[in-house]
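Examining the three-dimensional arrangement
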Amino acid sequence: MTDIHLPTSTDRPETAIARQDAMTSLQLHQIQKSYGAYHALRGIDLDVEQGEFIVMVGPSGCGKSTLLKTIAGLETISSGQILINGRDVSNTEPGERGIAMVFQSYALYPHMTVAENMGFGLRMAHRPKAEIDAAVLRAAKILRITDQLDKRPKQLSGGQRQRVAIGRAITRSPDVFLFDEPLSNLDAALRTQMRVELSGLHAKLGATMIYVTHDQVEAMTMASRIVVLNHGSIEQVGSPLELYRNPANLFVAGFLGAPRMNFFEVTVDSVSGRSATVSAAGLAPLSIELADGASVQKGDTLTMGVRPENLSVATDPAAATFAGQVRLVEHLGRETILYIDAGPLQCVSSESGNGTVTVQIGHVTAISADAAIGLSIDPRDVYLFSSGEAQTISTRKSILAD
Amino acid sequence: MKTLWRHHRWWLTPTLLIMPAAILFSVVILASSVESLWISLHEWDGFGPMRWIGLDNYRELFNDPQFYVSLKNNVIWLVMFMLAPPLGLAIALLVNQKIRGMRFLKSLFFIPLVLASVAVGVVFSWVYTPQFGLLAIIFRFFGATAPAVLSDEHFVTFAVVTAALWPQTAFCMVLYLAGLNNLSEDLIGAGRVDGAKGWNMLRHIVLPQLTQVTFIAIAVTVVGALRSFDIISVMTSGGPFGSSSVLAYQMFEQSIFSYRFGYGAAIASVLFVIMAVFIVWYLSRIIRAEERGA
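Only a predicted model underlies this, so the values are computations on that prediction, with no experimental measurement involved.

So, the interface of chain B and chain A
Every contact between the two is made by 16 residues of chain B and, on the other side, 22 residues of chain A. Contributing elements (two or more residues each) for the side of chain B that touches chain A: helix 9 (185–193) and helix 10 (198–209) of chain B. Of the residues forming the side of chain B that touches chain A, the biggest block, 6 residues, is contributed by helix 9 of chain B. Here the side of chain B that touches chain A is built from residues that sort into 7 nonpolar, 5 polar and 4 charged.

Structure follows, in structure tokens:
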């Protein structure tokens, strides 16, 4: 595997010039997509640098797949501009955009052999046969499927088909790779393996990749930057840890992280300088540092968020921030999840759906169901969200946690 | 009783469910075919006693010039009918476009399907009517005189097949429309990303997904060509002088009009063998193609 010439996007002479003045591989400019009165995409702006691995996440129907298809050219855009290596491709045919796409269903041509599948794009581009064969072999070597080249897709397992689909993309040496939930049809073990391989492939090829998924583990582990989409708009863009530690708003805070962040409705008791004291029925007052520019007044109702791993069981019940009764204990081996009924302190849209507070303990615990326990919260781990726009108004957290 | 049912349910249920079809098939198809073969070895007027004559009917048949005319016409039917699948595909591709008013056009193409083939035959007889028919009017527009196609022994079969092609093409179109609706959107997308357009898209991405439909369209068309009968009966009654007859019509004519059921059965048996050979060959091809994973 050492001496393989890796196909990179610089193999395309017609775009090599464009790259010299712009390291931006893909630019999305105010992308809008409407189906009649329904707005699938509402003004998407995004600049992707050469070699980035962008993962787009969001709930179903958020527009992430539609966005990917508009980049591929499989869907037209209602307005806006798509630039690949500085070239406006908004109205270009998919085959001429310099992209390659890996589909969730693999979408291999069933009547062609693996080699024919992989070489089809170059064949359509009327490249000489020797060049096609070389490109196919090169891609097959990278993915270790050289012994499958004469088989048909039907004879392959799910994981092998996935490799062929990726190989087909590599063979075309595109400027931008597009992945539409490529691992969701694989079983859990294979998914983990392919995830690691894809990350390795990205490092090896150094190519720009756009990856759509609903799996946040894939997003957190593979992305150089995550794009969180909701209702056809970008909620936040940033590195995985940045998004996890400093979600811009309640949606991102609730979307990233499993188990989900706990949200409580709290009232502002007092504001002094850059910090606010909040409390709720059953919750001892907490003094939380506010971000610059946050305008909070006494009496405001805010949403407070605490991640399950930031709640700890209080050894001294008097020092606990709130108390409750354990409803359910889930032993996961290396960690334990507790669902706690905190009486008057109800969790808004909780993990379990019935208002219980989720607590994640990083070890095995002897706590059993029905036990009464106290829990403490470090105010530095608390997020505050404004009532209307649900923007984060607590101060930034350091990415490398203490 | 209850335990008896529980113990034998595993084979009783499928047997009971298959039974009606199996009985119907054996009575209507198998028994009739065997009896037909049996009759073909006799001289029989349909009423009186049957007289065993061995293979005499077949000997006579293979020396009958009308048999070769019918057989030749069957070949013409078969070859011309092969236009129906590609024409049907072309029309299906056309009306499958998302263009305003296409739904209306689509329903127009559906019409011949709901017409009885007797009605199609009558309509085309009018089209071919010398002096007043649509064909005559078109010829007159170009300053020519239309031949009386239905009374010309060289044109008559082609004229009848053209009429029969109309509903057959519509049928193939419906098959292909259903097939086009089941195309994989992802495969089309993959093809577009790979740069396949127009003819290449059709040839490499769309047609391979329509293989199954094509198999069915061709099989139905071949059988339709071989068993063509009603439209000939309506348009020409096999005439002039038997020049537009086919095996199925000749069989009917010999049995019903000439009271020669034995001879008619012999023609039917030959037709049966031709169809059986084709179907066996064709099915084996389909099975082999499916095993290859197409």
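A closer look at the UniProt feature "domain: ABC transporter" (unreviewed entry) in chain A
Here the UniProt-annotated "domain: ABC transporter" (unreviewed entry) positions come out as residues 26–256 of chain A. Between the end C-alpha atoms of residues 26–256 of chain A the distance is 25 Å, and the span holds 37% helix and 26% strand.

Things to note about unusual backbone geometry
Residues and elements named next belong to chain A. Backbone torsion omega between Ala258 and Pro259 reads -5°, so that peptide bond is classified as cis. With respect to the helices, strands and loops of the structure, Pro259 is situated in the loop between helix 9 (250–255) and strand 11 (262–272). Residue Arg144 is not a glycine yet carries a positive backbone phi of 55°. Among the structural elements, Arg144 can be located in the loop between helix 4 (129–142) and helix 5 (158–171). With 12 C-beta atoms counted inside 10 Å, the residue Arg144 sits in the exposed group. We note that His231 has phi near 50°; this positive angle belongs to a residue other than glycine. When you line up the elements, His231 lands in the loop between strand 9 (225–230) and strand 10 (233–238). Here His231 falls in the partly exposed class, since 15 other C-beta atoms lie within 10 Å of it.

Quick notes on the domain arrangement of chain B
Residues and elements named next belong to chain B. What the domain assignment reports for chain B is domain 1 (1–39) and domain 2 (56–291). A straight line from the C-alpha centre of domain 1 to that of domain 2 covers 34 Å. Across the contact, 4 residues belong to domain 1 and 6 residues belong to domain 2. Residue composition of the side of domain 1 that touches domain 2, by class: 2 nonpolar, 2 polar and no charged.

Details of the UniProt feature "transmembrane region" (unreviewed entry) in chain B
All names here are of chain B. Taking the UniProt record as the reference, the feature "transmembrane region" (unreviewed entry) is found at residues 12–34, 75–95, 107–126, 132–150, 155–178, 205–226, 231–249 and 261–283. The span residues 75–95 is 90% helical and 0% strand by assignment, and the distance between its end C-alpha atoms comes to 31 Å. Helix makes up 95% of residues 205–226 and strand 0%, and the two end C-alpha atoms of the span are 32 Å apart.

Conventions we followed
Numbering of residues starts from 1 in every chain and runs along the sequence as written. Starting at A for chains and at 1 for ligands, labels are handed out in the order in which the entities are written. Side-chain atom pairs in this predicted model are given and counted only at pLDDT of 80 or more, local residue features only at pLDDT of at least 70, and totals for whole chains, interfaces and linings cover all residues. The contact criterion used here is simple: two residues whose C-beta atoms, placed from the backbone, lie within 7 Å are in contact. Numbering of helices and strands starts at the N terminus; helices are DSSP runs of H or I of at least 4 residues and strands are runs of E of at least 2. When residues are grouped by polarity, Ala, Val, Leu, Ile, Met, Phe, Trp, Tyr, Cys and Pro land in nonpolar, Asp, Glu, Lys and Arg in charged, and all others, Gly among them, in polar. UniProt positions are given in the numbering used here, feature names are shortened, and annotations may be inferred rather than shown by experiment. Three exposure classes are used, based on other C-beta atoms lying within 10 Å of a residue's own C-beta, which is placed from the backbone: buried for 20 or more, exposed for 12 or fewer, and partly exposed in between. Start and end points for every domain follow an automatic or database-based domain assignment.

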